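If you want the building blocks of each chain, they are given just below.
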Amino acid sequence: MSIQVSGLSHIYSKGLPYQSVALDSVSFEVAGGEFFGIIGHTGSGKSTLVQHLNGLLKPDSGSIVIDGVDITKGKVPMHGIRRKVGLVFQYPEHQLFEESVYKDVAFGPLNLGLSADEAERCVREAIALVGLDFEEVSQRSPFELSGGQKRRIAIAGVLSMKPEILILDEPTAGLDPKTHNDVLLMIRRIHETTGNITILVSHNMSDIANCCEKILVLKKGGVLMQGAPAEVFVRKDELAASGLDVPPVMDFMQKLSAGGLDVKTDIFSVDDAVDEIVRALNDGKKETIANMNICVRNHPC
């Protein structure tokens, strides 16, 4: 399973006086099993892009090849593509509608034609993947759950259809810090468990840096840059000109380096930063002690 996007362009209200270019010749690839991030300022085309990846939108030009099939061709059956490519919208809990958690999560598998037994197996697996207990939540109303639980159930509704590609558009938006971290850990666990392609769209640079192997940066509908987190976030000035920041931990390490502490700056997690600072301080102490020894030898009492 892989994704190849080439020359993708999309124009809203094409031909009208207020037409708007949402995507302009966007090209990138996502390898099988990759955790891929998409970032960009508001209006850069992120949501428009991911809605093309399961056929919700059709491009004005360009191609999208998923698992060897160009889904932009007119005769490609989108039913199979949308089963392979699961898209979780921002605030997905707003789409919960059934009277029980079970019915909500089972809606997709049943509409795919699965038997009741097969659907139940999918529901159990999906609820477990999002870190909830089936027996505890399955018969509850989804509207009685906490905000974080609602979001997990909404994501489970997509996972229950066994997608081979999971796209999450701002999955932690609006959550308190603890729930934000819990949901992010859940997403990482889902990726590790399934081994499928995961595409994360986010404004949170720390989330992107700590999760993703490769990042696509959009600006005004075009590709500004792409590459590994260290390759992207080292271009701090270009990102700032596009209204984007580097992850706070990396920014802190860059300031320490500029202040004279010999630390690596391509670090994104707090734990790694602590280890690197301790290493640098210990190395500094060793150098100070070595210099003192030389001084003593050259100036004996």
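Bear in mind that the values here come from a model prediction, so they are computed numbers and not experimental data.

1. Some details on a nonpolar patch on the surface
Moving on, step 1. Among the surface-exposed residues, Val270, Val274 and Val278 lie close enough to one another that they form a single nonpolar patch of about 240 Å² accessible area.
Moving on, step 2. With respect to the element layout, Val278 can be found in helix α12 (residues 270–298).

2. Points about the environment of Gly259
Moving on, step 1. Positionally, Gly259 belongs in the loop between α11 (248–258) and α12.
Moving on, step 2. Separated by 124 residues in the primary sequence, Gly259 and Glu135 have C-alpha atoms spaced 55 Å apart.

3. So, the packing of helix α6 (residues 147–159) against helix α7 (residues 177–194)
Moving on, step 1. Contact pair α6 / α7: the axes reach a minimum separation of 10 Å and the direction vectors enclose 20 degrees. Here α6 is positioned roughly parallel relative to α7, judged by the angle of their axes. In this structure, α6 crosses over α7, and the sense of that crossing is right-handed. Here Gly148, Arg152, Ile155 and Leu159 of α6 lie close against α7, whose contacting residues are Thr179, Asp182, Val183, Met186, Arg189 and Ile190.

4. Describing α11
Moving on, step 1. Among the residues making up α11, those that are buried are Val249, Met250, Asp251, Met253 and Gln254.
Moving on, step 2. Positive backbone phi, approximately 110 degrees, marks Gly260, located one or two places after α11.

5. Some words on the sheet that holds strand β1 (residues 3–12)
Hydrogen bonds between backbone atoms are what pair the strands of a sheet, whose relative direction is either parallel or antiparallel.
Moving on, step 1. The antiparallel open sheet is built from four strands, whose spatial order is β2-β1-β4-β5. The open sheet terminates on both sides in strands that have one partner only, identified here as β2 (20–30) and β5 (69–70).
Moving on, step 2. Relative to β5, strand β4 (residues 61–66) runs antiparallel, the two being bridged by two bridges. Its bridge partner lying in β5, Ile66 is registered against Val69.

6. Side note on the confidence of the model for the protein
Moving on, step 1. The share of residues in the protein with pLDDT of 70 or more is 94%, and the mean pLDDT across the chain is 91.
Moving on, step 2. Taking the mean pLDDT of every element in the protein, the minimum, 70, falls on α12 and the maximum, 98, on strand β8 (residues 197–201).

7. Observations concerning the sheet that holds strand β10 (residues 222–227)
Moving on, step 1. Read across the sheet, six strands follow the order β6-β7-β8-β3-β9-β10 without closing on themselves; strand pairing throughout is mixed. Of all strands in the sheet, those bounded by a partner on one side alone are β6 (85–88) and β10. This sheet shows a mean twist of 15 degrees between the axes of neighbouring strands, independent of strand direction.
Moving on, step 2. Looking at chain direction, strand β3 (residues 35–40) and β8 are connected through four bridges and run parallel. Residue pairing across strands places Phe36 opposite Ile199, the latter belonging to β8.

8. Notes on the packing of aromatic side chains
Moving on, step 1. Scanning the model with the defined rule gives four aromatic pairs in all.
Moving on, step 2. On the basis of an interplanar angle of 20 degrees and a centroid distance of 5.4 Å, the ring pair of Phe28 and Phe36 is categorised as stacked.
Moving on, step 3. Classification of Phe28 as buried rests on a relative accessible area of 4%.
Moving on, step 4. Taking the relative accessible area as the measure of exposure, Phe36 reaches 0% and is therefore buried.
Moving on, step 5. Here Tyr102 and Phe134 contribute two aromatic rings whose centre-to-centre distance is 6.1 Å and whose plane-to-plane angle is 80 degrees, an arrangement assigned as edge-to-face. With Tyr102 in helix α3 (residues 101–111) and Phe134 in helix α5 (residues 134–137), this pair connects stretches of sequence that are 32 residues apart.
Moving on, step 6. Judged by relative accessible area, Phe134 falls into the buried class, the value being 11%.

So, how was this worked out
Residues numbered from 1 in each chain as written. Predicted model: local features only at pLDDT ≥ 70, side-chain atom pairs only at ≥ 80, totals over all residues. Heavy atoms only, no water. Patch = residues over 30% accessible without salt bridge, like charges linked within 9 Å, V, L, I, M, F, W, Y side chains within 5 Å. Areas by Shrake-Rupley, 256 points an atom, 1.4 Å probe, with all protein chains shown as cover. Salt bridge = Lys/Arg side-chain N within 4 Å of Asp/Glu carboxyl O. Helix = DSSP H or I, 4+ residues; strand = E, 2+ residues; numbered from the N terminus. Axes fitted to C-alpha atoms, helices over the stretch in contact; angles between N-to-C directions. Parallel < 35°, antiparallel > 145°, perpendicular 65-115°, else oblique. Left-handed = near helix turned anticlockwise from the far one by under 90°. Contact = heavy atoms within 4.5 Å. Buried < 20%, exposed > 50% of the residue type's maximum accessible area, 1.4 Å probe, protein only. Pairing = 2+ DSSP bridges. pLDDT = per-residue confidence, 0-100. Phe/Tyr/Trp six-rings, centres within 6.5 Å; stacked < 30°, edge-to-face > 60°.

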